[in-house]
Amino acid sequence: MNSQNTPVHIRLWHHDFWRMAIANMLLTMSVYMLIPTLPLWLMETQHIGLLETGCVMGAFGAGLFLMGAFTSYLVQQYRRNMVCVWAIIGMICCLGLVYYQGWLHGEQCNYGLMLAQRIVFGAAFGLAQMVLASTLIIDTSESYQRTEANHAASWFARFSLSLGPLTGLLVYPLFGWQTVLLVAMGCDLLAVILILLVHFPFRAPDDHVHHLSLDRFFLPHGFILFVNLLLITLAAGLVLSLKLDIQFYSMMMVGFLSAILAQRFVFREAELKSEVISGLVLMLTALILMLTRSQTIVGYVAPLFIGFALGIIGARFLLFFIKLSRHCQRGTSQSTYMLGWESGLAFGIGLGYAVCQGDPQTVLIVALVLSAIALLLYQYTHHWFIHNKNR
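Residues numbered from 1 in each chain as written. Predicted model: local features only at pLDDT ≥ 70, side-chain atom pairs only at ≥ 80, totals over all residues. Heavy atoms only, no water.

Draft legend 1. Quick look at helix H14 (residues 360-388). With 29 residues, H14 extends 40 Å between its outermost C-alpha atoms, agreeing within 8% with the 42 Å of an ideal straight helix rising 1.5 Å per residue. Within H14, the axis deviates most sharply at Tyr378, by approximately 35 degrees. Among all positions in H14, only Val363, Leu364, Ala367, Leu370, Ser371, Ala374, Leu375, Tyr378, Thr381, His382, Trp384 and Phe385 are buried. In this structure, the buried side of H14 is in contact with helix H9 (223-240), helix H11 (274-292), helix H12 (298-324) and helix H13 (330-354). (Helix = DSSP H or I, 4+ residues; strand = E, 2+ residues; numbered from the N terminus. Expected span 1.5 Å × (residues − 1). Bend = angle between axes of the 7 residues up to and from the residue. Buried < 20%, exposed > 50% of the residue type's maximum accessible area, 1.4 Å probe, protein only. Contact = heavy atoms within 4.5 Å.)

In structure tokens form, the structure reads like this:
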């Protein structure tokens with residue numbers, strides 16, 4: 001039976017790894033807590049239309065790719081932990097700019113400036129995540145623990161997809177938009193402190209380091225996996241563009257936790273393709289329920305299914321990228337996975353506002369079609385992966 005499972009090593013969970021994993025969660029929380037709150041502020045307070053709001057949300061996804069080609073050069077030329085720290089400080093500055101413009105400066109939001117801020121914010125986050133996932137987390141673990149380290153740390157970031165919006169939805173109605181920004185900046189600052197608490201020894205740069213490189217940025221021969229993941233996260237992003245409540249994100253968290261248990265016990269010896277197929281079937285089921293049913297139970301079951309699906313699919317695709325990578329390409333595989341996950345969510349949210357105009361029925365139909373295409377494409381992707389994996 002063609003199955004794969006990630007072993008558990010207790011020694012992996014030392015202080016430095018915990019710091020890196022929590023820093024990863026805080027970093028992504030600062031981004032995700034803006035998913036439900038930034039559109040609210042733009043449309044209710046700044047009176048910006050759906051098209052413009054969608055462009056602002058999608059601009060973050062475009063920014064993710066801007067610094068990728070420079071990542072290898074920056075990590076080689078400068079201390080890798082400080083590259084990550086300065087990228088996070090860039091994120092704090094972007095959030096501070098919005099805070100200043102929307103509160104202290106006393107002016108209406110400048111749409112062009114907001115677009116630029118979101119692009120730069122995405123670029124800073126993309127760089128920080130590429131360094132954190134492709135280098136720092138790997139450096140805190142032994143060579144035989146690195147796959148498990150990547151797998152475990154990615155779950156912390158996945159949790160923030162529910163914890164971030166939950167935090168935003170709790171803070172926004174009680175304390176306002178400015179406090180949401182302060183909390184997001186606080187998460188980033190805590191991430192900086194945790195990274196600085198870990199000692200990373202200096203490494204001399206390699207000879208003939210290129211300023212532009214795909215190293216630690218994008219895995220070209222993983223393009224098919226990237227497209228398949230992008231379709232799935234586009235569908236998820238479309239759902240997240242809807243007006244969702246605290247209950248939805250709480251049940252998503254239950255779904256994530258259920259996915260961890262299922263991965264450990266239900267799918268432990270199952271056929272390799274069963275996880276992604278099961279996840280996509282549950283995603284389709286959740287979308288159909290949301291589209292055709294209005295019972296109270298659907299408000300609990302649908303987000304649980306979506307959380308379970310994203311958890312099980314995300315974890316498996318990450319391992320696919322790792323096993324597809326060749327020697328010294330582990331970091332590149334992490335970055336490629338991150339780009340597929342984060343850009344898909346950002347573009348999906350942007351499409352939900354700009355193209356679907358926030359209409360729930362249209363959003364859910366488009367998400368349903370994308371999920372069905374992803375399921376069909378996966379039949380080919382899985383066969384291709386089996387014949388091209390390197391680990």
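Structure's up, so let's keep going.
Draft legend 2. Focus on the nonpolar core. If you look at the biggest cluster of nonpolar residues, it comprises 140 residues, and the most contacted ones within it are Leu161, Leu310 and Phe317. For this core, the element with the most residues is H12, which contributes 16 residues. Residues in contact with Leu310, not counting those within four places in the same chain, are Arg158, Leu161, Ile232, Ala236, Met252, Phe256, Met283 and Trp341. (Core = buried A, V, L, I, M, F, W, Y, C linked by side-chain atoms within 4.5 Å.)

Draft legend 3. Representation of empty space enclosed by the protein within the structure. For the structure shown, the criterion picks out 4 cavities of 30 Å³ or more. The computed volume of the largest cavity comes to approximately 220 Å³. Elements supplying a minimum of two residues to the lining of the largest cavity: helix H1 (15-32), helix H6 (111-139), helix H7 (146-175) and H13. Its volume calculated, the second largest cavity comes out at about 110 Å³. Surrounding the second largest cavity, Val31, Tyr32, Leu34, Ile35, Met57, Phe60, Arg118, Glu342, Leu345, Ala346 and Ile349 form its lining. Of all the secondary structure elements, the ones that give two or more residues to the lining of the second largest cavity are H1, helix H2 (34-45), helix H3 (50-63) and H13. Per-element accounting of the lining of the second largest cavity gives the leading share, 4 residues, to H13. A per-class count over the lining of the second largest cavity returns 9 nonpolar, no polar and 2 charged. (1 Å grid on protein atoms, 1.4 Å probe; cavity = no way out; pocket = protein on both sides within 12 Å on 5 of 7 lines; lining within 4 Å. Points joined across faces, edges and corners; volume = space filled by probe spheres on them. Nonpolar A, V, L, I, M, F, W, Y, C, P; charged D, E, K, R; others polar.)

Draft legend 4. Structural detail: a nonpolar patch on the surface. Taken together, the side chains of Leu189, Leu190, Ile193 and Leu197 make up a nonpolar region of the molecular surface, amounting to roughly 370 Å² of accessible area. Structurally, Leu189 is set in helix H8 (residues 177-196). (Patch = residues over 30% accessible without salt bridge, like charges linked within 9 Å, V, L, I, M, F, W, Y side chains within 5 Å. Areas by Shrake-Rupley, 256 points an atom, 1.4 Å probe, with all protein chains shown as cover. Salt bridge = Lys/Arg side-chain N within 4 Å of Asp/Glu carboxyl O.)

Draft legend 5. Region of the structure containing the pattern of salt bridges. What the rule picks out here adds up to 4 salt bridges. Between Arg19 and Asp16 there is a salt bridge, with the nearest N and O atoms lying 3.0 Å from each other. Of this pair, Arg19 and Asp16 both sit in helix H1, 3 residues apart, which is roughly one turn of that helix. A relative accessible area of 25% places Arg19 in the partly exposed class. By relative accessible area, Asp16 is classed as partly exposed at 26%. A salt bridge links Arg216 to Asp215, with the nearest nitrogen and oxygen atoms 3.9 Å apart. With relative accessibility at 17%, the residue Arg216 sits in the buried group. What makes Asp215 partly exposed here is its relative accessible area of 27%.

Draft legend 6. Spotlight on the side chain of Asp188. Topologically, Asp188 is positioned in helix H8. One buried charged residue, Asp188, remains without a salt bridge, the closest side chain of opposite sign being Arg118 at 10 Å. Apart from residues no more than four positions distant in its own chain, Asp188 is found in contact with Leu26, Leu27, Ser30, Ile88, Met91, Ile92 and Leu95. (Lys, Arg positive; Asp, Glu negative; His and termini not counted.)

Draft legend 7. Molecular detail of the packing of H1 against H6. H6 packs onto H1 with a crossing angle of 160 degrees between their chain directions and a minimal axis gap of 11 Å. When the interaxial angle is binned, H1 and H6 end up roughly antiparallel. In the packing of H1 onto H6, the handedness of the crossing is left-handed. Taken together, the residues of H6 that come into contact with H1 (itself represented by Phe17, Met20, Asn24, Leu27, Thr28, Ser30 and Val31) are Phe121, Phe125, Ala128, Gln129, Leu132, Leu136 and Ile137. Looking at the contact of H1 with H6 residue by residue, the classes come out as 10 nonpolar, 4 polar and no charged. (Axes fitted to C-alpha atoms, helices over the stretch in contact; angles between N-to-C directions. Parallel < 35°, antiparallel > 145°, perpendicular 65-115°, else oblique. Left-handed = near helix turned anticlockwise from the far one by under 90°.)

Draft legend 8. Broad picture of the side chain of Arg316. Locating Arg316 in the fold gives a position in helix H12. One polar contact links Arg316 to Glu275, side chain to side chain, over a distance of 2.4 Å. (Polar contact = N/O pair within 3.5 Å; in protein donor to acceptor, adjacent residues only side chain to side chain.)

Draft legend 9. Layout of the packing of H1 against H7. Where H1 meets H7, the closest approach of the two axes is 7 Å, and the angle between their N-to-C directions is 35 degrees. Note on packing geometry: the crossing formed by H1 with H7 is right-handed. Between H1, through Phe17, Trp18, Ala21, Ile22, Asn24, Met25, Thr28, Met29 and Tyr32, and H7, the contact on the second element is made entirely by Ala149, Ala152, Ala153, Phe156, Ala157, Ser160, Leu161, Leu163, Gly164, Pro165 and Thr167. Grouping the constituent residues of the contact of H1 with H7 by class yields 15 nonpolar, 5 polar and no charged.

Draft legend 10. Structural context of the packing of aromatic side chains. One pass over the full model with this rule turns up 17 aromatic pairs. With a centroid separation of 5.1 Å and an interplanar angle of 80 degrees, the aromatic rings of Phe218 and Phe226 are classed as edge-to-face. Across this residue pair, the class does not change: Phe218 and Phe226 are buried. Consider the rings of Phe320 and Phe385, whose centres lie 4.3 Å apart with planes at 35 degrees: the pair is tilted. In this pair, Phe320 sits in helix H12 while Phe385 sits in helix H14, placing the two residues 65 residues apart along the sequence. Owing to a relative accessible area of 0%, Phe385 belongs among the buried residues under this scheme. These aromatic residues form a ring-pair network of at least three members: Trp13, Phe17, Trp18, Trp155, Phe156 and Phe159. Over the ring of Trp155 we find Arg158; its NZ or CZ atom is 4.6 Å from the centre of that ring. (Phe/Tyr/Trp six-rings, centres within 6.5 Å; stacked < 30°, edge-to-face > 60°. Lys NZ or Arg CZ within 6 Å of the ring centre and 35° of its normal.)

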